[in-house]
Amino acid sequence: MKKTSSSPCARFTLLISPLLLPFIAGAQETLVVSAAPQAALPVLDMPAAVNVVYGDDMRRATPRVNLSESLHGIPGLQVQNRQNYAQDLQLSIRGFGARSTYGVRGIRLYVDGIPATMPDGQGQTSNIDINSADAISVLRGPFSALYGNASGGIIDVKTQAGRQPNSLEAGTWYGSFGSWRNEAKASGATGDGTQAGDMNYTLSASRFTTHGFRERSSARKNLGNARLGIKLDNAAKLTLILNSVDIAAADPGGLGYQEWRAAPRQAPRAAKYNTRKTIGQRQMGLRYDRQISKRDDFSLSTWVGQRATTQYQSIPQAPQRNPGHAGGVISLARRYQGIDARWTHRGELGVPVSVTGGLDVETLNEKRKGYENYISNDTVPTFGKKGKLRRNERNLIWNLDPYLQTSWQLARTLTFDAGARYSAIRFDSNDRYITPGNGDDSGAVHYRAWLPAGALKYAATDAWNLYVTGGRGFETPTFNELSYRDDGTSGLNTALKPSDSTTWEIGSKSRIGNGLFTAALFQTDTDNDIVVSRNIGGRSTYKNAGVTRRRGVELGLERRFADNGQVTLAWTRLDAIWRSNVCQRGDCNGKRIPGIARSMGFVSLAWAPEAGWYASASLRYTGSVEANDANTARAPSYTTAGLNTGYKWLHKAWTFDLFSHIDNLFDKIYAGSVIVNEGNGRYYEPAPGRHYGIGATVSYQFE
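Conventions and cut-offs
Here, residues in each chain are numbered from 1, in the same order as that chain's written sequence. Two thresholds apply to this predicted model, a pLDDT of at least 70 for residue-level local features and 80 or more for giving and counting side-chain atom pairs, whereas whole-chain, interface and lining totals are computed over all residues. Side-chain measures were taken over the full set of non-hydrogen atoms in the model, leaving aside hydrogen atoms and water. Helix and strand definitions follow DSSP, with helices as H or I runs of at least four residues and strands as E runs of at least two, each counted in order from the N terminus. When we talk radius of gyration, it's over C-alpha atoms, and the globule rule is simply 2.2 Å times the number of residues to the 0.38. Relative accessibility decides the category of a residue: with a 1.4 Å probe and only protein chains considered, values under 20% of the type maximum give buried, values over 50% give exposed, and everything between is partly exposed. The contact criterion used is simple: two residues touch if any of their non-hydrogen atoms lie within 4.5 Å. With residues, only the protein chains shown are counted as cover, and all accessible areas are computed by Shrake-Rupley using a 1.4 Å probe. When charges are counted, neither His nor the chain ends are considered; positive counts come from Lys and Arg and negative counts from Asp and Glu. Each charge is placed at NZ for Lys, CZ for Arg, CG for Asp and CD for Glu. Pairing of aromatic rings covers Phe, Tyr and the six-membered ring of Trp, with a centre-to-centre limit of 6.5 Å; geometry is then stacked below 30 degrees between planes, edge-to-face above 60, and tilted otherwise. Distance and angle both matter: a charge sits over a ring if NZ of Lys or CZ of Arg is within 6 Å of the ring centre and within 35 degrees of the ring normal. Here, a salt bridge means any Lys or Arg side-chain nitrogen found within 4 Å of an Asp or Glu carboxyl oxygen.

1. Digging into the overall build of the chain
- When helices and strands are tallied, the chain shows six helices and 37 strands.
- The C-alpha radius of gyration computed for the chain amounts to 25 Å, which stays within 12% of the reference 27 Å derived for 703 residues, consistent with globular compactness.
- Expressed as lengths along the three principal axes of its C-alpha atoms, the size of the chain is roughly 75 × 55 × 50 Å.
- Per-residue burial over the chain gives 59% buried out of 703 residues.
- Expressed as a percentage of contacts within the chain between residues at least 6 apart in sequence, the contacts between residues at least 24 apart total 67%.
- Carbon and sulfur atoms make up 57% of the accessible area of the chain, which amounts to about 26600 Å² in all.
- Taking the average place of the 82 positive charges on the side chains of the chain and the average place of its 61 negative ones, the gap between the two points comes to 4 Å.

This is the structure in structure tokens:
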């Protein structure tokens, strides 16, 4: 599709993530689409650490499979590709989420205003369609508290809304390790979006398969995404969002240090236990937006979905024979739904003021079963087969969160933003598997917290802003973290408490030519931080860690030069340490929190014209990462390089794009991620050496 060039300054003034704007004076939230929308506030003027990555940049000469391909240029965000599609990416913001052995923790994920994070705080990136993404916004810092059960930040994905002329696109990509991805996309509109009855649509579907870098790491993923919009009248719009994903993936598991160094592609336990996972998710969302008056907007968003997961773990027969053990096969069936209603008013109280009030209600109904990961013929077990039932429970989570956000324009150069959210979350478990040696483990826990946040912004010049922010965060245990007790007995780990964090941040943003330079200093103190107690055979148990502290500095630069040149720089320094002893042996006070790189750096240089040859080169540095609380094992630091190039040819209504890329150009041997506190010392998840990909897309516009 033909792309109109624009400067970064102009692009920064586009609509930033809808979820990031309610606390800004005069800005409209994603769910508000008015007949005459106001101009959104540029990133420069937002009193928070925010970065935006645009879909066109994410798709330029990339496989379009994982977010790890294009988010390394965001300061404070650590993206680790496990090379394991059974466990998802490992994402953390300012160190929050690094402990997660599956999915995303400590970060709220949204796609078109619909949470990709469940009410308990567990999220996944598997349903994010890069092929139809318009922009991805990342919010770090205290204001993320206004979105509920998360401590690190917000990742919000906005997909493309169709527009005229209608278009069709098809593409294919082939890469190392027998990897294929094929995709198709259709988008368009019946009008320009200003008249009642005007409609727009974007439909996208893709299939990805791979043999995998490691043994026993093959995967298949089918993904579909649809966005349909209709203009109801001159003040209202309705948007329907549909999403579907199916994944079947082998799980190679972690390696010990000597195993990793000797043969990083091996997966010895995976073959014995046939470890694997299947995931199927269907989701639908409906969003209604109305401009009530020139000063008032109303939005209502509702969604419903279901997610089924079956996972086979590498747990030996002996522990599974314990009457209280839940077995080595996890079977989950989740149904979730929610509704978010909000009202925004802009007026005067001596000074210009905007107020947004709303109510967010979400529920999750989960059927959790456990089975033995073997069947026995006399005394000889055959692993990788679903055996006897060992766990059966019905779990329910709901949250009820009212919130209020305000912005006060105190003077031409001074703005004060403040907000608060009251978060109430209840976990309720009904045990349906009661046998000798395994009693009734039913129970309930209820967590509540006030989450205030505030910011003061000073506009030193038209091109330079300074801000200070502060806020409290709240993070409950997920049902996955509550599922197993540290002592191996059955039942919910109800001793886990939610973690509470307080963050202060000082930041600066300045426009430099056709670009933006950002800097942020922050400190987060957390009580009752939830951390991995131990991780054995793919099963993790969790505990509260007392007090932790995260201090850091984040620097970023995005700039365009010579019309088609682009440079991106990002650097992060993060000191995350224990402030109390969490080790069962020895003293961990003052040691580094595992899973978190102390330093990260990224630089890329790109030449990206509208048509013709394009190319880019990048360098990425990640510092050493501790693998356990005692800091006796670590993954070494590494630096990798990547190159890509392609040629885009525009011919009448056709666009042809041929491209190739090489990653880890210098064949660096490194661990892509670690499994925190793995009980057998199998911490390391190896990354591939030099690998490549080639691809092509073709699109046609119906003029």
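2. Some points on unusual backbone geometry
- Put simply, Gln164 and Pro165 share a cis peptide bond, and its omega is 0°.
- With respect to the helices and strands, Pro165 occurs in the loop between strand 7 (153-159) and strand 8 (166-175).
- Here Asn528, not a glycine, exhibits a phi torsion of approximately 60°, which is positive.
- Among the secondary structure elements, Asn528 is positioned in the loop between strand 24 (515-527) and strand 25 (530-536).
- Asn528 sits in the partly exposed class, given a relative accessible area of 24%.
- Located in the positive-phi region is Lys652, a residue other than glycine, with phi close to 55°.
- Overall, the relative accessible area of 80% leaves Lys652 in the exposed class.

3. Overview of the packing of aromatic side chains
- Tallied over the full model, the rule gives 20 aromatic pairs.
- Ring geometry for Tyr638 and Tyr670: centres 4.0 Å apart, planes at 25°, overall stacked. Here the residue Tyr638 occupies a position in strand 33 (residues 638-651), and Tyr670 occupies one in the loop between strand 34 (654-663) and strand 35 (671-674), the gap between them amounting to 32 residues. The same class applies to Tyr638 and to Tyr670, which are both buried.
- Within the aromatic cluster, the residues linked to one another by ring pairs are Trp649, Trp654, Phe656, Tyr700 and Phe702.
- Directly above the ring of Tyr312 sits Arg276, whose terminal nitrogen or CZ lies 3.6 Å from the centroid.

4. Observations concerning the pattern of salt bridges
- Taken as a whole, this structure holds 32 salt bridges when the rule is applied.
- Two residues, Asp428 and Arg426, come together in a salt bridge whose shortest N-O distance is 4.0 Å.
- Owing to a relative accessible area of 31%, Asp428 belongs among the partly exposed residues under this scheme.
- Asp575 serves as the salt-bridge partner of Arg598, at 3.1 Å between the closest nitrogen and oxygen. With Arg598 in the loop between strand 28 (565-578) and strand 29 (599-607) and Asp575 in strand 28, the pair connects residues that are 23 residues apart, well separated along the chain.

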